[in-house]
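An overview of the molecular structure
Residue strings, one per chain:
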Amino acid sequence: MMTKENLNAWLNENANAKVAGFAVSLVPGLRHKMYGIRLPMLRKKAKELVGEIDNIKGDSCEEILLKAYAIGYIKDIDLQLRYVKKFVPLIDNWMFCDSFCSALVLAKKHQEVYWRIIREYTQSSKDYEQRFAYVMMLKYFCNQDYIHQVLNILKSAKPKIWDTKQALAWALAECFIKFQEITRPILAELSQEIFKLTKRKILDSKRVDENIKQMLKSGNLVRPV
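A short tour of the structure in this document, coming up. (Residues numbered from 1 in each chain as written. Predicted model: local features only at pLDDT ≥ 70, side-chain atom pairs only at ≥ 80, totals over all residues. Heavy atoms only, no water.)

**Some points on the overall build of the protein chain**
Along the protein chain, the regular secondary structure elements total 13 helices and zero strands. Along the protein chain, from the amino end to the carboxyl end, the secondary structure elements read α-α-α-α-α-α-α-α-α-α-α-α-α. Whereas a compact globule of 225 residues would reach a radius of gyration of roughly 17 Å, the protein chain reaches 19 Å, a difference of no more than 12%. Overall size of the protein chain, expressed as C-alpha extent along the three principal axes, is 60 × 40 × 30 Å. Residues classed as buried in the protein chain amount to 53% of the 225 residues present. Counting only carbon and sulfur atoms, one obtains 51% of the accessible surface of the protein chain, whose full area is about 11700 Å². (Helix = DSSP H or I, 4+ residues; strand = E, 2+ residues; numbered from the N terminus. Rg over C-alpha atoms; globule rule 2.2 N^0.38 Å. Buried < 20%, exposed > 50% of the residue type's maximum accessible area, 1.4 Å probe, protein only. Areas by Shrake-Rupley, 256 points an atom, 1.4 Å probe, with all protein chains shown as cover.)

**Examining the nonpolar core**
Ranked by size, the top nonpolar core spans 87 residues in total, and within it Phe-100, Tyr-114, Phe-132, Met-136 and Leu-154 carry the most contacts. In terms of residue count, the dominant contributor to this core is helix H8 (residues 127-141) (ten residues). In contact with Met-136, other than residues within four places in its own chain, are Cys-101, Leu-104, Ala-107, Tyr-114, Ile-118 and Phe-141. (Core = buried A, V, L, I, M, F, W, Y, C linked by side-chain atoms within 4.5 Å. Contact = heavy atoms within 4.5 Å.)

**Digging into the pattern of salt bridges**
In total, this model carries eleven salt bridges according to the counting rule given. With a shortest N-O distance of 3.4 Å, Glu-48 and Lys-45 are connected by a salt bridge. Taken as a pair, Glu-48 and Lys-45 lie in helix H3 (residues 39-48) at a separation of three residues, close to a single helical turn. Taking the shortest distance from any N to any O, the salt bridge between Lys-178 and Glu-174 comes out at 3.3 Å. Of this pair, Lys-178 and Glu-174 both sit in helix H10 (residues 162-178), four residues apart, which is roughly one turn of the helix. Residue classification places Lys-178 among the partly exposed residues on the basis of a relative accessible area of 42%. (Salt bridge = Lys/Arg side-chain N within 4 Å of Asp/Glu carboxyl O.)

**A short note on the packing of H8 against helix H9 (residues 147-154)**
Here H8 crosses H9 at 160 degrees, and the two axes come no closer than 11 Å. If you check the angle between H8 and H9, you find them roughly antiparallel. The handedness of the crossing between H8 and H9 comes out as left-handed. Seen from H8, the contacting residues are Tyr-134, Met-137 and Phe-141; seen from H9, they are Ile-147, Val-150, Ile-153 and Leu-154. (Axes fitted to C-alpha atoms, helices over the stretch in contact; angles between N-to-C directions. Parallel < 35°, antiparallel > 145°, perpendicular 65-115°, else oblique. Left-handed = near helix turned anticlockwise from the far one by under 90°.)

**Quick notes on the packing of aromatic side chains**
Under the counting rule described, the total for this entry stands at six aromatic pairs. Here Trp-115 and Tyr-146 contribute two aromatic rings whose centre-to-centre distance is 5.1 Å and whose plane-to-plane angle is 50 degrees, an arrangement assigned as tilted. With Trp-115 in helix H7 (residues 111-122) and Tyr-146 in the loop between H8 and H9, this pair connects stretches of sequence that are 31 residues apart. Just as Trp-115 is buried, Tyr-146 falls in that class too. The positively charged end of Lys-86 is found above the aromatic ring belonging to Tyr-83, 5.0 Å away from the centroid. (Phe/Tyr/Trp six-rings, centres within 6.5 Å; stacked < 30°, edge-to-face > 60°. Lys NZ or Arg CZ within 6 Å of the ring centre and 35° of its normal.)

Take a look at the structure:
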């Protein structure tokens, strides 16, 4: 059984001040201690802790990420979803959010049950619960079965903070890249701010044809209201 002392010893043994400094610079306002442990090591350790998630008690970045990755390794969908609901309130920055979403690959196999949860979070008043929903959408639900439902939610979203606005734009850009004809009319309905953020992400993508990018730049492809 893992103890707090065992985990602290592992964290200190694998700490890297240079990695920590770089990571902290990427997450403005980070409130948690950063040891600077590289992600491959965290993922490997998380596999060992799948049955001990409740024993990870600390609130350093690495301990929160260990929980996130360990939850992702759970194979039982019902158990995983119970832990998802416990973890989401811990998210208070984009790093925790996006790392957690990337770990939840079981969502590819269990679309229907995950979609119900994602929809609930889109209606949350909490910023990072909204970001969680948008990132989950772009990673797992930008597909033929869900594209219309996803766009219907995204076009009406009104995020308040930068991190959530960026996630919304990222999701809209992914929809455009994969389903251009369906998404293009939606882009014209967006606010100027969200449209500009989405446009920037589309233009930065290597998956978009240069002719499409030029048309988007000129305004011939989408003319937002």
